[in-house]
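Breakdown of the fold
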Amino acid sequence: MGGNIARRLMDADHEVVVYDQSRETRDGLAGEGAQAVGSLAELADALTPPRTVWLMLPAGTVTEQTIDTLSDTLTAGDSIIDGGNANFKDDVRRASRLAERDIAYLDVGVSGGVWGRERGYCLMIGGPTTWVETLDPIFYALAPQLGEIDRTPGRDGLDPRAEQGYIHCGPAGSGHFVKMVHNGIEYGLMAAYAEGFNLLKGRASEALPEAERFDLNLADIAEVWRRGSVISSWLLDLSSIALARDASLSEFSGEVADSGEGRWTVDAAVEQGVPANVLASALFSRFRSRVDEDYGDRLLSAMRREFGGHVESHNE
């Protein structure tokens, strides 16, 4: 995802300096027009102050260590953007610590997966208003912009950036909080599709009366639902792609991983005393899939691969 963010920025004529632990990845981006460097220190040296460094790393230790290293390398007036799926409470802590050095911290929830370079990225931004406004050309370039989506009536007077595909949610932590809830909803939507298609597939069961059995074409059903149905969505589009390729989904085990945001969403619901029945159930269904998978779980795995390039991790 980080590589495609760099590519989309270059497509919009931004100059990009890149660093990755993989020499092959660095060289590949250099061949496409980026300036590649071999360390975080070289990255800082290659940028002109005021410098902005955008991180796309897994949440946890690696992000924490990278921010610590950068905080010793950057200077007052610079900024760090974390575009990974961090816990919003970590953002609040990091922003406070970096502010002591006059280094700005922005948290950007990024949705778009492996399709982002082509489709653009939906961005949910937390951080200081002045910095969000300063970096607006970058956010605009990465966002989908108006595209072909119909404009929503009645938005006069509301933030025009939202219909371009990006918003400033509020102070540090708010961007990743909004993205966290986004991913919790994603769990619920995916679970609903998975359960529905599992029900459709099960209608051919020999346990049912013969006259009431239906051998349904799931690929065709997914496709027709994409066309004018009230349950159409990008997730359904991706399901249709996977089912057209192989309606049995035989390459998937159905052991569905979760990458943290679903858990954090349920934690927040408990902390706030807010009911989140569907989101919690969808998370627990993923836990159950690692013990007793079914066809719906295979569809969940297929959707995760289509939108995010997620490969199943199998428990031994």
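Up top is the structure.
Here we summarise the structure given alongside this text. Quick caveat: nothing in here was measured; it's all calculated off a predicted structure.

1. Remarks on the packing of helix α9 (residues 174-201) against helix α12 (residues 261-272)
The contact between α9 and α12 brings their axes to 8 Å, and the two run at 105°. Classified by the interaxial angle, the pair formed by α9 and α12 is roughly perpendicular. Note on element contacts: α12 touches α9 through E261, G262, W264, T265, A268 and Q272, opposite F177, M180, V181, N183, G184 and Y187.

2. A closer look at unusual backbone geometry
P49 connects to P50 through a cis peptide bond whose omega is -5°. Along the chain, P50 turns up in the loop between α3 (40-46) and β3 (52-55).

3. Digging into the sheet that holds β3
Strands sit in the order β3-β4-β5-β6-β7 across an open sheet of five strands; the sheet is mixed. Sheet topology places β3 and β7 (166-170) at the edges, where each strand pairs with a single neighbour. The average angle at which neighbouring strand axes cross in this sheet is 25°, direction not considered. Of the strand pairs in this sheet, strand β6 (residues 122-126) and β7 are connected by four bridges, and their pairing is parallel. Bridge pairing in β7 links M124 to I167. Against the sheet, α9 makes contact with β4 (79-82), β5 (104-111), β6 and β7, and its axis sits at roughly 20° relative to β5, the strand it touches most.

4. Section: the pairing of β5
Most of β5 sits inside the fold, with eight of its eight residues counted as buried. Residues A104, L106, V108 and V110 line one face of β5 and the alternating positions Y105, D107, G109 and S111 line the opposite face, and both faces are buried. Handedness of the crossover is the feature at issue here: the chain leaves β4, passes through helix α5 (residues 88-99), returns alongside β5, and the resulting connection is right-handed. In the sheet, β5 pairs with β6 via five bridges, with the strands oriented antiparallel. From the neighbouring strand, D107 faces β6, where its bridge partner is G126.

5. A short note on the packing of helix α4 (residues 61-73) against α5
Two elements in contact, α4 and α5, have axes separated by 11 Å at closest approach and are oriented at 10°. Put simply, α4 runs roughly parallel to α5. Within the contact between the two elements, α4 uses T63, E64, I67, D68 and S71 and α5 uses R93, R94, R97 and L98. Looking at the contact of α4 with α5 residue by residue, the classes come out as two nonpolar, two polar and five charged.

6. Digging into the nonpolar core
One finds L106, V108, L123, I125 and F139 to be the most contacted residues of the largest nonpolar core, which totals 24 residues. Listing elements by their share of this core, those giving two or more residues are α1 (2-11), β5, β6, α7 (129-134) and α8 (136-142). Filtering out sequence-adjacent residues up to four positions away, L106 remains in contact with S79, I80, I81, D82, I125, G126, G127, P128, W131, V132, L135 and F139. Listed in part, the 23 residues of the second largest apolar core include F252, V256, M303 and F307.

7. As for the pattern of salt bridges
One pass over the full model with this rule turns up 24 salt bridges. In this structure, R23 engages D27 in a salt bridge whose closest nitrogen and oxygen atoms are separated by 3.3 Å. Here D27 and R23 lie together in helix α2 (residues 23-30), a separation of four residues that amounts to about one turn. R23 sits in the exposed class, given a relative accessible area of 56%. Where E251 meets R305, a salt bridge forms, and the shortest distance between an N and an O atom there is 2.7 Å. Taken as a pair, E251 in the loop between α11 (234-245) and α12 and R305 in helix α14 (residues 295-308) lie far apart in primary sequence, 54 residues in all. Accessibility expressed as a relative area gives 46% for E251, which makes it partly exposed. Each of E64, D68, D82, D90, R93, R94 and R97 takes part in one network of salt bridges that share partners.

Cut-offs applied
- Residues numbered from 1 in each chain as written.
- Predicted model: local features only at pLDDT ≥ 70, side-chain atom pairs only at ≥ 80, totals over all residues.
- Heavy atoms only, no water.
- Axes fitted to C-alpha atoms, helices over the stretch in contact; angles between N-to-C directions.
- Helix = DSSP H or I, 4+ residues; strand = E, 2+ residues; numbered from the N terminus.
- Parallel < 35°, antiparallel > 145°, perpendicular 65-115°, else oblique.
- Contact = heavy atoms within 4.5 Å.
- Pairing = 2+ DSSP bridges.
- Buried < 20%, exposed > 50% of the residue type's maximum accessible area, 1.4 Å probe, protein only.
- Right-handed = clockwise from strand over helix to strand, strands pointing away.
- Nonpolar A, V, L, I, M, F, W, Y, C, P; charged D, E, K, R; others polar.
- Core = buried A, V, L, I, M, F, W, Y, C linked by side-chain atoms within 4.5 Å.
- Salt bridge = Lys/Arg side-chain N within 4 Å of Asp/Glu carboxyl O.

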